[in-house]
Amino acid sequence: MFKNYFKIALRNLLKQKAYSFISIAGLAVGMACCILILLFVRHELSFDNYHPNADRIYRVVGESSNPYETFQRAYTPNPLGPALKSEFPEVLEAVRLSKLSSALIEANGKRFYENRFYLADSAVFGLFAFDFVQGESQRALATPNSLVLTESMAKKYFGEVDPLQQTIRFDNRLDFLVTGVIRDHPKNSHFHVDFIASTAHTGEVWRMPDWATRWGRSGFYTYVLLSEKSTPEDLQRKFPAFVEQNLRHSLDDDEMYTLSMQP
């Protein structure tokens, strides 16, 4: 029976070649588009899900407004992270990341400008998932001059030489000691790093001794880990009083500043 059905279908396809071609091609294109859309959506929804406690990690962002315009910024005031952890018990951990747009890196006789050089608090490896190939995550940024780099950067600068305890010179003026090597970040991450150095040298990197403690400067991405019983809405309701207490003195008279949280 099925053999007869197949013969009839094939005979009809051959009789109406143009119509058959249009129908089959349309079906194939439609299926291909659906598969591509599903793959794209799956990739977009997978971003940052590999981090432990991803559902409780939030980025704090700021919005500055005056009578003429409004600015939304991912960068937040420099002391914000430590202040949030200190003042709000629902914030279990706070981590700051500062990205340098271009950094001259020199090591092992090689010099390159890099644009994925970050300064970070030592808790960054506890908050986010970084796969350490060499070194210990708990102690990687424990000392002021410590630095962690990715496998690709270790190979780029040191080749087959063991990169641990090697010196990397930053901007011809600061020396960092390699204390760890991590695997390259997956593509489904909203940030990508090649170098992570301790924030202990923040003032020297930016040529401002008090740079990291100035509320009037916004140069860090700030991330927080909330406790299981807390919600971002509950914490955000406390932000206006927090802003008034800590940032009012650094704002213009007609300027308003608000903080919010992104999953």
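Above this text you will find the structure in question.
Just so it is clear, the structure is predicted and the values come from calculations on it, not from any experiment.

This part covers a nonpolar patch on the surface. Residues Ile37, Phe40, Val41 and Leu45 make up a contiguous nonpolar surface patch of about 420 Å² in total accessible area. Checked against the element boundaries, Leu45 lands in helix H2 (residues 17-45). Judged by its relative accessible area of 62%, Leu45 falls in the exposed class.

Turning to the packing of helix H3 (residues 80-87) against helix H8 (residues 239-246), a few remarks are in order. Two numbers describe how H3 lies on H8: the axes approach to 12 Å, and their chain directions differ by 120°. Judged on the interaxial angle alone, H8 and H3 are oblique. Both H3 and H8 take part in a crossing whose hand is right-handed. In contact with Leu80, Ala83, Leu84 and Glu87 of H3, H8 contributes Phe239, Phe242, Gln245 and Asn246. For the contact of H3 with H8, the per-class residue count stands at five nonpolar, two polar and one charged.

Turning our eyes to something else, we now look at the packing of aromatic side chains. Under the criterion given, the structure shown has 16 aromatic pairs. Between Phe128 and Tyr223, the aromatic rings sit 5.1 Å apart at their centres with planes inclined by 85°, giving edge-to-face as the arrangement. Remark: Tyr223 occurs in strand S13 (residues 218-226) and Phe128 occurs in the loop between helix H4 (124-127) and strand S8 (132-134); sequence separation between them is 95 residues. The buried category is assigned to Phe128, whose relative accessible area is 3%. What makes Tyr223 buried here is its relative accessible area of 4%. Three or more aromatic residues link up through ring pairs in this structure, and these residues are Phe112, Phe117, Tyr157, Phe170, Phe176 and Phe195. For the cation-ring pair, Arg96 lies above Phe220, with the distance from its terminal atom to the ring centre recorded as 4.7 Å.

So, how was this worked out
- Residues numbered from 1 in each chain as written.
- Predicted model: local features only at pLDDT ≥ 70, side-chain atom pairs only at ≥ 80, totals over all residues.
- Heavy atoms only, no water.
- Patch = residues over 30% accessible without salt bridge, like charges linked within 9 Å, V, L, I, M, F, W, Y side chains within 5 Å.
- Areas by Shrake-Rupley, 256 points an atom, 1.4 Å probe, with all protein chains shown as cover.
- Salt bridge = Lys/Arg side-chain N within 4 Å of Asp/Glu carboxyl O.
- Helix = DSSP H or I, 4+ residues; strand = E, 2+ residues; numbered from the N terminus.
- Buried < 20%, exposed > 50% of the residue type's maximum accessible area, 1.4 Å probe, protein only.
- Axes fitted to C-alpha atoms, helices over the stretch in contact; angles between N-to-C directions.
- Parallel < 35°, antiparallel > 145°, perpendicular 65-115°, else oblique.
- Left-handed = near helix turned anticlockwise from the far one by under 90°.
- Contact = heavy atoms within 4.5 Å.
- Nonpolar A, V, L, I, M, F, W, Y, C, P; charged D, E, K, R; others polar.
- Phe/Tyr/Trp six-rings, centres within 6.5 Å; stacked < 30°, edge-to-face > 60°.
- Lys NZ or Arg CZ within 6 Å of the ring centre and 35° of its normal.

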